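Chains, contacts and geometry: an overview
If you want the building blocks of each chain, they are given just below.
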Amino acid sequence: MRLCLLALSIATLTAQVPGEAEKAAQAIKILDGWNAIAPRKETRSLHFVLWTPNDRKPPANYEARLTRMMEHIQEFYAKEMKRLGFGPRSINLPYSKPGQLKIHLIEGNHPNSHYGRPSGSEIRKECLPALKKAGIDADRETIVLFCNLATWDEKKLIFKHNSPYYAGGNFQRGTAWQLDSPELDPKNIPLKKPMIQDGEYGRISLGKHNSIFIGGVCHELGHALGLPHCRERPDEAARGTALMGSGNRSYGDELRGEGKGSFLTLAHALRLASHPQFSGSTKEFNSPSSAEIKELSISAEGKAIEVSGSVVANPPVYAVVAYFDPEGGSDYNATTATAIPDTNGNFTLSCDALPAGKSGELRLIPLHVNGSTNGWMSQTKFKYPYTVSKDGTPDLSTFQIKKSLAPLIEALNTKRIDKARKISSALKNPRAAKIAKILLSQNDAKGPISQSTQLVALTRLTPTSEKVGWGRPSYDTLPGPSPLLESGSKIFATGIYAHAPSLHQYKLNKKWSKLEGTVGLAAGKSGSVRFEVKGDGKSLWRSPVIKEGQLKTFSLNIKTIMSLELITETTPDGAASDWGLWLEPTLKR
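Residues numbered from 1 in each chain as written. Predicted model: local features only at pLDDT ≥ 70, side-chain atom pairs only at ≥ 80, totals over all residues. Heavy atoms only, no water.

**Side note on helix α9 (residues 417-425)**
Quick reminder: α-helices carry 3.6 residues per turn. Residues three or four places apart thus point the same way. Within the sequence span of α9, burial applies to A420, I423 and S424. The arc that holds every buried residue of α9, seen down its axis, measures 100°, which confines them to one face. With respect to the buried face of α9, the exposed residues turned more than 90 degrees away are D418, K422 and S425. At its buried positions, α9 is contacted by α8 (397-413) and α10 (430-440). (Buried < 20%, exposed > 50% of the residue type's maximum accessible area, 1.4 Å probe, protein only. Helix = DSSP H or I, 4+ residues; strand = E, 2+ residues; numbered from the N terminus. Arc of directions from axis to C-beta. Contact = heavy atoms within 4.5 Å.)

This is the structure in structure tokens:
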């Protein structure tokens, strides 16, 4: 392995949060112990492509420049893994000859004007035949596609790009789409001059431009290796910016004296430790994995959330990573906590880096010794809502409700109604008891509503018309094994499932004066929708675009309304995952 040294300070190389080295040592002990039994050692390398449209030539001397770039990134990972206690483990680079990275030069089918940022899938398809001819199955390897679509004016110092720039993958395979341009070279990272005009970031130094885009290569490669986003916790901030947060923009800033640069969190170093690129092992590489967490406890202790449990898994788990992801900001602002299970699978972790006044989702990711994590972060089955008050105190009432209702839901799913009723009668949480009563009454006939009733759930009325974009209409439950109406880290007792596009109509006949409620997207669904209420054909209220985690309340005067329409619309991103919900819609006299 030929490494290009980074001029990092000794403080940056050695700074650790207390306990990191101990956790790394414990994790390595489990990993190495498992790999020592019937080992399967294999050196897997990344595979590199320089793709260029058919009316362009590759940048001059691209082999040497991309070699320097990838060795710089290789050394970054190696130094960060070493600092955290894992030794200088890093990505493996293939060489066509000593000192020169092996790069597959592939010409596209169309001219430059045909392609743009959304062209990643098309470009990848164009590369597959050449890679297959070279003996590389892109669906079983990690590939890096440098796309020659940027425009660099060396005389005017103007840069523009219209290139795919994203990635995804896991321990078995991955693809990183990277932009390439002739001025992107690690040699330029320390330069404060000249100043250039960057089409996305404005007037910045050539060095900062290189930090952003070479850091972007490092960041996107992390995604191709299976790393999700996360930001640094306050106790980690002394090191700089987490690579998988906004660290793609600060990579190498320390070389210009403009910041502390980027670093790798322990959470992500733990994930990489079992990746074949870093471990040199493909033992049980294609074996299925499974994990269960027994005796799970999630509690609020002061301003922190504490988690404990016992993980039972096959193959074994060597670490558990927790992501505390507050609403908004996608998962870029998630912070992490880590734990190494003992010999019985018991683990405990804690996090107090919780933004005040926001709801969030806790995701637990068991890390298997063969590299598996059972899916991307948002796909884990171990997801738990929480909220944080304005004074920073965590509220776990939604988790407690879900936990108390879990046995009842299991009984309902297995048609054990008598057991479900027994569980319901024993519930002590008033909110959980109310939801349980509604779940148990799903098959009950809807009776007439008395004129003396002053307040009633809209779901007690039978709609005159109903239509949803996916599945069947559903009231007070969600389709699927988990019926709870969860949205914005809250659980609602009543509601209407309204996957966009949907329409629900009701005859009110001027019998009600107010309609109140909340709208949101079902937890775990990544779509976006817009809601509208119409009365007698006229719009009474229209929401902004609503995404996961967002809730919007409404209160409408409907005293003169004969016919009510609840409409859920798709947005320009399409109807995928558009699980709109009308939550606790309530009629008042």
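From this point, the narrative continues.
**Section: the sheet that holds strand β20 (residues 383-388)**
Across a sheet, strands are paired by hydrogen bonds formed along the backbone, either parallel or antiparallel in direction. The sheet built from five strands is open, its strands ordered β17-β16-β19-β20-β21 with antiparallel pairing. Each having just a single partner strand, β17 (335-339) and β21 (394-395) make up the two edges of the open sheet. Relative to β20, strand β19 (residues 359-368) runs antiparallel, the two sharing five bridges. Among the inter-strand pairings, L362 is bridged to a residue of β20, identified as Y384. In the packing of α8 onto the sheet, the strands contacted are β20 and β21, and the crossing angle to β20 comes to about 145°. (Pairing = 2+ DSSP bridges. Axes fitted to C-alpha atoms, helices over the stretch in contact; angles between N-to-C directions.)

**A word on the sheet that holds strand β14 (residues 290-301)**
Read from one edge to the other, the open sheet built from three strands follows the order β14-β15-β18, with strand pairing classed as antiparallel. The sheet terminates laterally at β14 and β18 (346-351), the two strands that pair on one side only. Strand after strand, the sheet turns through a mean of 20° between neighbouring axes, direction not considered. Of the pairings in the sheet, the one linking strand β15 (residues 304-314) to β18 comprises six bridges and is antiparallel in character.

**What about unusual backbone geometry?**
What you tend to see is this: most non-glycine residues have negative phi, and most peptide bonds are trans. For the peptide bond that leads from N314 to P315, omega is -10°, which places it in the cis range. Structurally, P315 is set in the loop between β15 and β16 (317-326). With an omega dihedral of -5°, the bond running from A500 to P501 counts as a cis peptide bond. Along the chain, P501 turns up in the loop between β27 (495-499) and β28 (502-507). Phi is positive for N61, close to 55°, though the residue is something other than glycine.

**Quick word on the side chain of S502**
Structurally, the position occupied by S502 is in strand β28. In this structure S502 touches K467, V468, L566, I567 and T568, once residues within four positions along its chain are discounted.

**What to know about the packing of aromatic side chains**
The full count for this structure, using the stated rule, is 16 aromatic pairs. Ring geometry for F171 versus F285: centroids 5.6 Å apart, planes at 80°, classification edge-to-face. Taken together, the positions of F171 in the loop between β8 (166-169) and β9 (174-179) and F285 in the loop between α7 (276-279) and β14 put the pair 114 residues apart, joining distant regions of the chain. Residue classification places F171 among the buried residues on the basis of a relative accessible area of 10%. Seen in terms of ring centroids, Y201 and F213 are 5.9 Å apart; in terms of plane orientation they differ by 75°. Their pairing is edge-to-face. (Phe/Tyr/Trp six-rings, centres within 6.5 Å; stacked < 30°, edge-to-face > 60°.)

**Observations regarding the pairing of β27**
Summarising burial for β27: five of the five residues are buried, a large majority. Neither face of β27 is exposed, since G495, Y497 and H499 on one face and I496 and A498 on the opposite face are all buried. Where strand β24 (residues 474-475) and β27 come together, two bridges link them in antiparallel fashion. Within β27, the position partnered with S474 by the bridge is Y497. Note: β27 against strand β35 (residues 579-588), five bridges, orientation antiparallel. Pairing of A498 across the sheet is with G580, part of β35.

**Observations regarding helix α5 (residues 206-224)**
Here α5 spans 27 Å end to end across 19 residues, near enough to the 27 Å set by a 1.5 Å rise per residue. Of all 19 residues making up α5, 18 are buried, and the element is well covered by its neighbours. Residue G226 follows α5 closely and has a positive phi angle near 105°. (Expected span 1.5 Å × (residues − 1).)

**Describing the nonpolar core**
With 61 residues, the main nonpolar core has M70, I73, Y77 and F86 as its most contacted residues. Every element with two or more residues in this core is listed here: α2 (20-36), β1 (47-52), α3 (62-83), β5 (142-147), α5, α6 (266-273), β16 and β19. At eight residues, α3 tops the list of elements feeding residues into this core. Non-local contacts of Y77, meaning those with residues more than four positions away in its chain, are made with R89, S90, C218, L221, G222, L243, L264, L272 and F278. (Core = buried A, V, L, I, M, F, W, Y, C linked by side-chain atoms within 4.5 Å.)

**Focus on the confidence of the model for the protein chain**
In this model, the protein chain carries an average pLDDT of 91, and 96% of its residues clear a pLDDT of 70 or more. Predicted confidence for residues 1-15 stays below pLDDT 50, and this span has 29 contacts to residues more than four positions away or in other chains. (pLDDT = per-residue confidence, 0-100.)

**Observations concerning the layout of surface pockets**
Estimates place the volume of the largest pocket at around 1,100 Å³. Contributing to the lining of the largest pocket are 31 residues, with K381, K383, K402, S482 and E486 lying nearest its centre. Every element with two or more residues in the lining of the largest pocket is listed here: β14, β20 and α8. Broken down by element, the lining of the largest pocket gets its largest block of residues, eight residues, from α8. (1 Å grid on protein atoms, 1.4 Å probe; cavity = no way out; pocket = protein on both sides within 12 Å on 5 of 7 lines; lining within 4 Å. Points joined across faces, edges and corners; volume = space filled by probe spheres on them.)

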